[in-house]
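Each chain, letter by letter, is given below.
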Amino acid sequence: MATEKKNISEEKEAKKKEMILFLSSSEEKEHFLSKGNRKLLSDPLDDNNPITVQVLGICSALAITVQLEPAVVMAIAVVFVMAFSNIIVSMLRNLIPSRIRIIVQLVVVASLVALVDQVLKAYAYDVSKQLSVFIGLIITNCIVMGRLEAFALGNGVYKSFLDGIGNAAGYGLILIIVAFFRELLGSGKLFGFEVLGHKAATVADSTGLYALGYENNGLMLLSPMALIVVGLLIWVQRARNRKLIEEN
């Protein structure tokens with residue numbers, strides 16, 4: 001009996017130590033930039049991308065990619081929220097009762113999203129207006145909640161941090177690529193600056209490609225084109241890596 005109590009107390013002490021150091025015993029033996037840790041960062045950028053492979057977070061990818069600036073701000077916001085929510089949930093993973101874990105995760109994410117929203121309203125009000133309700137919808141973004149449930153609850157703080165950064169970066173990468181093509185081809189601009197030349201009332205007064213008769217593709221500014229661009233990215237990725245093609 002005494003031995004059993006001693007083992008239990010040792011396990012509790014080990015858990016407390018793990019919470020203080022933020023690393024499990026296996027993580028302490030593993031190098032910070034080991035192959036496994038690098039994969040947590042690199043896989044979501046390529047063969048395990050949350051949008052093009054897992055097909056998550058499509059709604060915001062369609063809605064906020066008309067211009068590059070809001071897409072970049074949204075990407076940064078999601079990186080911040082995912083990184084710190086993964087850290088917090090991982091730190092609390094041994095203390096959260098299983099029955100209320102979803103509620104705890106929502107509270108953590110909602111607090112971070114509220115912080116991001118207030119910062120944007122204070123320092124980037126125009127972008128905040130463009131993003132509108134989509135910043136608030138990060139709370140229910142299936143990528144954020146999915147990684148908390150699938151990874152942060154079962155892994156140490158450092159690995160959870162890397163997983164959050166990797167998946168958020170993979171999500172943001174697709175947003176930025178889609179927004180790049182939609183703004184460039186739809187309005188001839190990037191970050192609001194004219195890059196294809198100046199379009200005047202007549203071709204003679206125009207500069208750049210517009211002087212050669214180029215016209216902006218207004219269809220690129222419509223939401224369906226975001227879906228088409230994402231579809232093209234999925235096709236390119238599967239053409240490059242045949243392992244991602246689902247078998248019948």
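Scroll up to find the structure this text is about.
As the structure is a computational prediction, the values presented were derived from the model and not from experiment.

Asker: Please clarify how the overall build of the protein chain should be interpreted in this entry.
Answerer: Each helix and strand in the protein chain was counted, giving 10 helices and 2 strands. The buried share among the 248 residues of the protein chain stands at 38%. Nonlocal contacts in the protein chain, meaning residues at least 24 apart in sequence, comprise 73% of its contacts between residues at least 6 apart. Per element, the accessible surface of the protein chain, about 14,000 Å² overall, is 65% carbon and sulfur.

Asker: Sorry if this is basic, but what is going on with the packing of aromatic side chains here?
Answerer: The way to describe two aromatic rings as a pair is by their centre distance and the angle between their planes. Tallying each qualifying case throughout the model produces 2 aromatic pairs. A ring pair is formed by F180 and F181, whose centres lie 5.2 Å apart and whose planes are at 85°; its orientation type is edge-to-face. Note on F180: relative accessible area 30%, which makes it partly exposed.

Asker: Would you take a moment to explain the packing of helix α5 (residues 68–91) against helix α8 (residues 142–150) for this structure?
Answerer: Packed helix pairs are specified by the crossing angle of their axes together with the interaxial distance, meaning the distance between the axes. Axis separation between α5 and α8 bottoms out at 10 Å; the angle between their running directions is 25°. Compared by their axis directions, α5 and α8 come out roughly parallel. α8 is crossed by α5, and the crossing has right-handed handedness. For the pair α5 and α8, the contacting residues are V81, M82, S85, N86 and V89 in the first and I143, V144, R147 and L148 in the second. Its residues assigned to classes, the contact of α5 with α8 comprises 6 nonpolar, 2 polar and 1 charged.

Asker: Would you explain a nonpolar patch on the surface in this entry?
Answerer: The grouping of F84, I88, L92 and L95 at the surface amounts to a nonpolar patch, some 340 Å² of accessible area in total. Counting through the fold element by element, L95 comes out in the loop between α5 and α6 (101–123).

Each value, and the rule that gives it
Residues numbered from 1 in each chain as written. Predicted model: local features only at pLDDT ≥ 70, side-chain atom pairs only at ≥ 80, totals over all residues. Heavy atoms only, no water. Helix = DSSP H or I, 4+ residues; strand = E, 2+ residues; numbered from the N terminus. Buried < 20%, exposed > 50% of the residue type's maximum accessible area, 1.4 Å probe, protein only. Contact = heavy atoms within 4.5 Å. Areas by Shrake-Rupley, 256 points an atom, 1.4 Å probe, with all protein chains shown as cover. Phe/Tyr/Trp six-rings, centres within 6.5 Å; stacked < 30°, edge-to-face > 60°. Axes fitted to C-alpha atoms, helices over the stretch in contact; angles between N-to-C directions. Parallel < 35°, antiparallel > 145°, perpendicular 65-115°, else oblique. Left-handed = near helix turned anticlockwise from the far one by under 90°. Nonpolar A, V, L, I, M, F, W, Y, C, P; charged D, E, K, R; others polar. Patch = residues over 30% accessible without salt bridge, like charges linked within 9 Å, V, L, I, M, F, W, Y side chains within 5 Å. Salt bridge = Lys/Arg side-chain N within 4 Å of Asp/Glu carboxyl O.

Keep in mind these numbers describe shape, not what the thing actually does.
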